[in-house]
Amino acid sequence: LFIPPPFGRGERHPAVVVLGGSGGGLDLDKAGVLSRHGIATLALAYFGIPPLPDWLHRIPLDYVEAALTWLAAQPEIDSQRIGVLGVSRGAELALLLGARLPQIRAVVAYSPSSVAWAAGGRDRATGKVIPAWTWRDEAIPFAPLPLRRFMVRSAFPVSVLRRPVMFRHLF
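Presented here is a report on the structure given in the accompanying data block. Every value quoted in this text rests on a predicted model; they were computed, and no experiment measured them.

With that out of the way, let us pick up the nonpolar core. Buried together is how nonpolar side chains tend to be arranged in soluble globular proteins. Grouped together as the largest cluster of nonpolar side chains are 30 residues, with contacts concentrated most on Val17, Leu19, Tyr46, Leu93, Leu97 and Trp133. When residues of this core are traced back to their parent elements, those giving at least two are β1 (13-19), β2 (40-44), α2 (61-72), β4 (77-87) and α3 (89-100). Counting five residues, the second largest nonpolar core, distinct from the first, contains Val16, Val18, Ala31 and Ala43.

Take a look at the structure:
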């Protein structure tokens, strides 16, 4: 949690929850920059750091909702001015949160997708595609993530032909 110096006596800061992308962990850089401009920021990991999941699968939106509730209760925070900022898969999450949680007043989505994607794997026991996101213990509807086609069309040209990664085929 980054809280900048107070504006004035008794004034509270607007706040932003900063969500990283498919790499997981914390996005401290963006949180730090926003904080230097007077916005309180909470860099929130949702996978990739123990005890959170190792990879992006079955991430409960309820977890972020709990973090927002905690953030709004902090004395330095203006609970009426809270937003979320996400990058890539974090932008997907930010849009899902903004659509479900009325306490979110602003959403910044860097490179979001137009759909909620699957996690990118299958459950070993059932063979079913694994959801990336859940809400109240239910899977959020998703589009299957075409990773095999992506690997053939993008990864092969990158490794063999030394071309840049092309995400157009994935999305």
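Another aspect to go through is the packing of aromatic side chains. Summed over the entire model, instances satisfying the criterion amount to two aromatic pairs. Put simply, the rings of Tyr46, Phe47 and Trp133 touch in pairs and so form one group of aromatic residues. The ring of Trp135 has Arg136 sitting right over it, with the charged end atom 4.0 Å from the ring centre.

If you walk across this open sheet you meet the three strands as β3-β8-β9, and the pairing is mixed. If you trace the sheet from one side to the other, it starts and ends with β3 (59-60) and β9 (138-139), each paired once. Of the pairings in the sheet, the one linking strand β8 (residues 133-135) to β9 comprises two bridges and is antiparallel in character. Looking at the pairing, Trp135 lines up with Glu138 of β9. Packing of α2 onto the sheet brings it into contact with β3 and β8, and relative to β8 it is tilted by some 65°.

What counts and how
Residues numbered from 1 in each chain as written. Predicted model: local features only at pLDDT ≥ 70, side-chain atom pairs only at ≥ 80, totals over all residues. Heavy atoms only, no water. Core = buried A, V, L, I, M, F, W, Y, C linked by side-chain atoms within 4.5 Å. Buried < 20%, exposed > 50% of the residue type's maximum accessible area, 1.4 Å probe, protein only. Helix = DSSP H or I, 4+ residues; strand = E, 2+ residues; numbered from the N terminus. Phe/Tyr/Trp six-rings, centres within 6.5 Å; stacked < 30°, edge-to-face > 60°. Lys NZ or Arg CZ within 6 Å of the ring centre and 35° of its normal. Pairing = 2+ DSSP bridges. Contact = heavy atoms within 4.5 Å. Axes fitted to C-alpha atoms, helices over the stretch in contact; angles between N-to-C directions.

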